Amino acid sequence: MEKTIRQVHGGDRYRNQVKLDFSVNTNPFGMPAAVKRIMREAVGRYPDQYCGCYPDPACSGLRRALEDCYGISAESIVCGNGASELIYAVVNAVDRECRRRLSASARNSGLKAVLPVPSFGEYERALHAVGAQIQYHTLRAREGFAVTEELLDELSPNVDLLILCNPGNPVGNLIADEVLERILDLCGVNGTVVLLDECFLELTAADDRQQNKSRSPDGRDCSCVAAFGERMRELTARRPNVILLKAFTKLYAIPGLRLGYCVCSAARLLRAVRAQLPCWDVSGIAQLAGMTALDSGKNTDYISQSRAAIAVERKFLAQELDRHGMLVLSGQANFICFYNRRRPADDLYAGLLENGILIRDCGSFAGMDRGWYRIAVRPRWENVVFITELGKLTEYPG
């Protein structure tokens, strides 16, 4: 019998009675105050400008703001209505290029893609939508579902597209630098396009690679913005086959606005991605919020404070989950993946939902058995409530 997937994504507050949402992985710090203020002004004071006019279809101001913030060329950026829209646009662009090549050759097959699993479900959905041949690379639970050099064996020259998530979703683990370098280098030699999703990277709690000590003239710690900008340039400048995917959704806690962007140094590939997007897909208010968020992140300690808070709360949650008999996977992101090793057949999702707490049942992730769950790192008071309710479900006699 085919398994029925009850939950495809987190955040389904509309069909559930939810008091605390641990199923979506947004910044526990919440939306920056400057973003809240500018949106109130846009709707309340300037509705004709931001709601009564079509938005800039090129997102020119937003792309210039990204250039100013991270030091990446505005010409190398395409913005979209959330990272999910851009995933479909990239897959469609690569598929169209494959079909163009195939029409002049004897090959009769379409897009060939390699997809490590478990991973974000929209990758697979986008690939299925174009009829791609998907070569799954199953990650092992005993290795913490880590991407290792074994992936290199899957990357033959006839692979058109590789999709990587770093840190991984739902696990939250980072790909080792040396492993990622070897993978990207091989794909460059083979001509394989790499969609590298790093939407959660700014919210990693323990990534010392971005902890340099540079400071702005007024003394503020600007290490996060400077280091992440440097990383974007390093990943894309000398690798025209790499499309780096980023989003405002998670970092600035604005999932309802739908705002993402991708960075690529290959003009032709970027044009192909842009050609798959509808005109005016990014609303004027979303563009305004993005520019304001970038300014807030660059000129305040919002990002560094967020990461520091995530590190503290992640450690607290991991210790408490372990104390309640859960197997906690190591990771650095603003979410935690764990296995109910005490009673894997118990339905923690349903049990917690009865008390108004929504978590992510990982049953829809390929390669994960029953008993795997993912929770977001939230503020301390929410985390305490979650652990208390979890304890009621796991510590009964039996």
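For the structure, check the block above.
1. Some details on the overall build of the protein
Across its full length, the protein holds 13 helices and 13 strands. For 398 residues, the compact-globule estimate of 2.2 N^0.38 gives 21 Å, and the C-alpha radius of gyration of the protein, at 21 Å, lies within 12% of that figure. Based on the C-alpha atoms only, the size of the protein along its principal axes is roughly 65 × 55 × 45 Å. For the protein, with 398 residues in total, the buried portion stands at 55%. Restricting the contact set of the protein to residue pairs at least 6 apart, pairs at least 24 apart contribute 74%. Carbon and sulfur atoms make up 51% of the accessible area of the protein, which totals about 17700 Å². A distance of 2 Å separates the average location of the 49 positive side-chain charges in the protein from that of its 47 negative side-chain charges.

2. Observations concerning the pairing of strand β5 (residues 161-165)
For β5, a buried count of 5 out of 5 residues is recorded, marking the element as mostly surrounded by other parts of the structure. Residues of β5 alternate between two faces, with Leu161, Ile163 and Cys165 on one and Leu162 and Leu164 on the opposite face, all of them buried. Across 2 bridges, the pairing between strand β3 (residues 112-117) and β5 is parallel. What sits directly across from Ala113, in β5, is Leu161. By the bridge criterion, 5 bridges tie β5 to strand β6 (residues 193-197) in an arrangement that is parallel. When the sheet's bridge partners are listed, Leu164 is paired in β6 with Leu196. Between β5 and its parallel partner β6, the chain crosses via helix α6 (residues 177-190), and the hand of that crossover is right-handed.

3. A short note on the packing of helix α11 (residues 302-323) against helix α13 (residues 380-394)
Axis angle and axis distance: for two packed helices, these are the angle between their axes and the distance between the axes, and together they describe the pair. For the pair α11 and α13, interaxial distance at closest approach is 11 Å and the crossing angle is 10 degrees. Here α11 is positioned roughly parallel relative to α13, judged by the angle of their axes. Across the interface between the two elements, Val312, Glu313, Phe316, Leu317, Glu320 and Leu321 from α11 touch Arg380, Asn383, Val384, Phe386, Ile387 and Leu390 from α13. Here the residues of the contact of α11 with α13 sort into 8 nonpolar, 1 polar and 3 charged.

4. Things to note about the sheet that holds strand β10 (residues 335-339)
Pairing within the open sheet is antiparallel, and its 4 strands lie in the order β9-β10-β13-β12. In this open sheet, the two strands that pair with only one neighbour each are β9 (327-328) and β12 (360-361). Bridge analysis of β10 against strand β13 (residues 372-376) gives 5 bridges, and the strand direction is antiparallel. By the bridge assignment for β13, Tyr339 is matched with Trp372. Contacting β9, β10 and β13, α11 crosses the sheet at an angle of about 10 degrees to β10.

5. What about helix α5 (residues 121-129)?
In an α-helix, one full turn covers 3.6 residues, which means residues spaced three or four apart are oriented alike. Taken as a whole, α5 has its buried residues at Glu122, Tyr123, Ala126 and Leu127. Mapping the buried residues of α5 onto a view down its axis gives an arc of 140 degrees, with all of them on the same face. Once α5 finishes, Gly131 follows within two positions and takes phi at roughly 70 degrees, a positive value.

6. Focus on the environment of Arg37
Structurally, Arg37 is set in helix α1 (residues 33-44). Classification of Arg37 by relative accessible area gives partly exposed; the value is 44%. As a C-alpha pair, Arg37 and Ala289 span 252 residues in sequence and 9.6 Å in three-dimensional space.

7. Focus: the sheet that holds strand β8 (residues 260-263)
Backbone-to-backbone hydrogen bonds pair the strands of a sheet. The strands run either parallel or antiparallel. Reading across from one edge, β2-β8-β7-β6-β5-β3-β4 is the order of the 7 strands in this open sheet, with mixed pairing throughout. Pairing within the sheet leaves two strands with one partner each, and these edge strands are β2 (77-80) and β4 (133-138). For this sheet the average axis-to-axis angle between neighbouring strands, irrespective of direction, equals 20 degrees. As defined by bridge partners, β6 adjoins strand β7 (residues 242-247) across 4 bridges and the pair is classed as parallel.

8. Re empty space enclosed by the protein
What the rule picks out here adds up to 4 cavities of 30 Å³ or more. As a volume, the largest cavity reaches approximately 140 Å³. For the largest cavity, the lining is made up of 17 residues, of which Pro118, Leu139, Val147, Cys165 and Gly168 are closest to its centre. Ranked by the residues each element gives to the lining of the largest cavity, the list is headed by β5, at 3 residues. Partitioning the lining of the largest cavity into residue classes produces 13 nonpolar, 4 polar and no charged.

9. Details of the pattern of salt bridges
Summed over all chains, the structure comprises 16 salt bridges. Taking the shortest distance from any N to any O, the salt bridge between Glu97 and Arg268 comes out at 3.3 Å. Linking Glu97 in helix α4 (residues 83-102) with Arg268 in helix α9 (residues 267-274), this pair joins segments that are 171 residues apart in sequence. Overall, the relative accessible area of 24% leaves Glu97 in the partly exposed class. Given a relative accessible area of 51%, Arg268 falls into the exposed group. Here the salt bridges do not stand alone but share partners, grouping Glu181, Asp185, Arg238 and Arg239 into one network.

10. A few points about the packing of aromatic side chains
Evaluated as defined, the whole model comprises 11 aromatic pairs. Ring geometry for Phe200 against Phe335: centres 4.9 Å apart, planes inclined by 70 degrees, an arrangement best described as edge-to-face. Pair noted here: Phe200 is in the loop between β6 and α7 (223-237) and Phe335 is in strand β10, with a separation of 135 residues, a long-range link. For the pair Phe200 and Phe335, a shared accessibility class is recorded, and that class is buried.

Conventions used here
- Just so you know, the residues in each chain are numbered from 1, in the order the chain's sequence is written.
- Reporting in this predicted model follows two pLDDT cut-offs: at least 70 for local features of residues, and 80 or more for side-chain atom pairs to be given and counted; totals over whole chains, interfaces and linings ignore these cut-offs and use all residues.
- Working from all heavy atoms in the structure, the side-chain values ignore hydrogens and water.
- A helix here means a DSSP run of H or I that spans at least four residues, while a strand means a run of E at least two residues long, and both kinds are numbered starting from the N terminus.
- Taken over C-alpha atoms, the radius of gyration is set against a globule rule of 2.2 Å times the number of residues to the power 0.38.
- Residue exposure (1.4 Å probe, protein chains only): buried if accessible area is under 20% of the type maximum, exposed if over 50%, otherwise partly exposed.
- Residues count as neighbours in contact if any of their non-hydrogen atoms are within 4.5 Å of one another.
- Residue burial considers only the protein chains on display, and all accessible areas are found by Shrake-Rupley using a 1.4 Å probe.
- Charge assignment in this entry is limited to Lys and Arg as positive and Asp and Glu as negative, and neither His nor the chain termini are counted.
- Positions of charges follow a simple convention, taking NZ of Lys, CZ of Arg, CG of Asp or CD of Glu.
- Two strands qualify as a pair provided that DSSP identifies no fewer than 2 bridges between them.
- A right-handed crossover is one whose linking path, passing over the helix from the first strand to the second, runs clockwise when the strands point away from the viewer.
- Lines are fitted to the C-alpha atoms to define the axes, a helix being fitted only along its stretch in contact, and any angle between axes, read from their N-to-C directions, falls within 0 to 180 degrees.
- Small angles under 35 degrees read as roughly parallel and large ones over 145 as roughly antiparallel, with 65 to 115 read as roughly perpendicular and the rest as oblique.
- In this count, Pro and Cys sit with the nonpolar residues alongside Ala, Val, Leu, Ile, Met, Phe, Trp and Tyr, while Asp, Glu, Lys and Arg are called charged and the others, Gly among them, polar.
- Taken from the helix axis, the directions to the C-beta atoms give the arc we talk about.
- A cavity here means a set of points on a 1 Å grid, drawn over the protein atoms and nothing else, where a 1.4 Å probe fits but cannot get out; a pocket is an open set with protein on both sides within 12 Å along at least five of seven lines, and a residue lines either one if it has an atom within 4 Å of a point.
- Grid points are joined across faces, edges and corners, and a volume is the space filled by probe spheres set on the points.
- Think of a salt bridge as a Lys or Arg side-chain nitrogen and an Asp or Glu carboxyl oxygen that are within 4 Å of each other.
- Between rings of Phe, Tyr and Trp, where Trp is taken as its six-membered ring, a pair exists when centres lie within 6.5 Å; planes separated by under 30 degrees are stacked, by over 60 edge-to-face, and by other angles tilted.

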